[in-house]
Amino acid sequence: MNIDMTSLDGQSAGTVELSDAIFGLEPRPDLIARMVRYQLAKRRDVAHETMGRADVWRTGKKMYKQKGTGSARHGSARVPQFRGGGKAHGPVARSFAHDLPKKVRALALKHALSAKARSGEIIVWDKASLDEGKTKLLKERFGVLGLTNALIIDGAELQQNFSLAARNIPQIDVLPVQGINVYDILRRQKLVLTRAAVDALEARFK
């Protein structure tokens, strides 16, 4: 599959051939959905853990004698009935992550890339770099290119000026090629790959 390559200024920079084994598959929504569920479950977190009776430190001495006080029998100050005691049946931190085979994850990424290619939402740049890390300058260039919602994937190292300029622009994400993932590909309208990113992806899936 051949696709026209452009520069950040919108000028033509030749063509690049995309591997059909990565960008030319028939997209399988079931694989993509499995991968999205895997990613969202893995990053899900329960931060409101409370301290139970076993987690509270208080004296283990019996509060008062068993009989003759007219009060209910108690043996520990750690019970939930008392102020400072542990929470009964409170929430506990746990992991919602589940397993997904490595080959399935790799295949899901290929199908997500193929889905973007099939819908014509892939753009290839020769490089993603700026002489100055100015957000205003980069936003103007994106306006000329019509980029308002995009995921930009560069090579293994991001160019510092470009990364600094892009991080304050809403709905624009910039990642190195090792950070490419199915969820971020789907949540943005356009997928922008640099030539270095294309080469790295093809080397990764050889």
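Scroll up a little and you will see the structure.
None of these values were measured; they are calculated from a predicted model.

Notes on the overall build of the protein
Okay, step 1: Helix and strand content of the protein: 7 helices and 6 strands.
Okay, step 2: Relative to the compact-globule value of 17 Å for 206 residues, the protein shows a C-alpha radius of gyration of 27 Å, a clear excess of over 25%.
Okay, step 3: Projected onto its principal axes, the C-alpha positions of the protein cover 95 × 40 × 25 Å.
Okay, step 4: For the protein, buried positions account for 35% of its 206 residues.
Okay, step 5: Of the contacts formed within the protein by residues at least 6 apart in sequence, a portion of 68% connects residues at least 24 apart.
Okay, step 6: With 35 positive and 21 negative side-chain charges, the protein shows a spacing of 19 Å between the two charge centroids.

What to know about the side chain of Thr194
Okay, step 1: With respect to the helices and strands, Thr194 occurs in strand E6 (residues 190-194).
Okay, step 2: Once you skip the residues sitting within four places of it in the chain, Thr194 turns out to touch Trp125, Lys127, Ala128, Ile153, Asp154 and Gly155.

Remarks on the packing of aromatic side chains
Aromatic rings considered in pairs are described by the distance between their centres and by the relative angle of their planes.
Okay, step 1: This structure, assessed with the given rule, holds 2 aromatic pairs.
Okay, step 2: Summarising the aromatic geometry, the rings of Trp125 and Phe162 are spaced 6.2 Å apart at their centres and angled 85 degrees between planes, so their arrangement reads as edge-to-face. Taken together, the residues Trp125 in strand E3 (residues 122-125) and Phe162 in helix H5 (residues 160-166) connect sequence positions 37 residues apart. We note that Trp125, like Phe162, is buried.
Okay, step 3: We note Arg44 situated over the ring of Phe96; from NZ or CZ to the ring centre the distance is 3.7 Å.

Thresholds, definitions, all that
Residues numbered from 1 in each chain as written. Predicted model: local features only at pLDDT ≥ 70, side-chain atom pairs only at ≥ 80, totals over all residues. Heavy atoms only, no water. Helix = DSSP H or I, 4+ residues; strand = E, 2+ residues; numbered from the N terminus. Rg over C-alpha atoms; globule rule 2.2 N^0.38 Å. Buried < 20%, exposed > 50% of the residue type's maximum accessible area, 1.4 Å probe, protein only. Contact = heavy atoms within 4.5 Å. Lys, Arg positive; Asp, Glu negative; His and termini not counted. Charge placed at Lys NZ, Arg CZ, Asp CG, Glu CD. Phe/Tyr/Trp six-rings, centres within 6.5 Å; stacked < 30°, edge-to-face > 60°. Lys NZ or Arg CZ within 6 Å of the ring centre and 35° of its normal.

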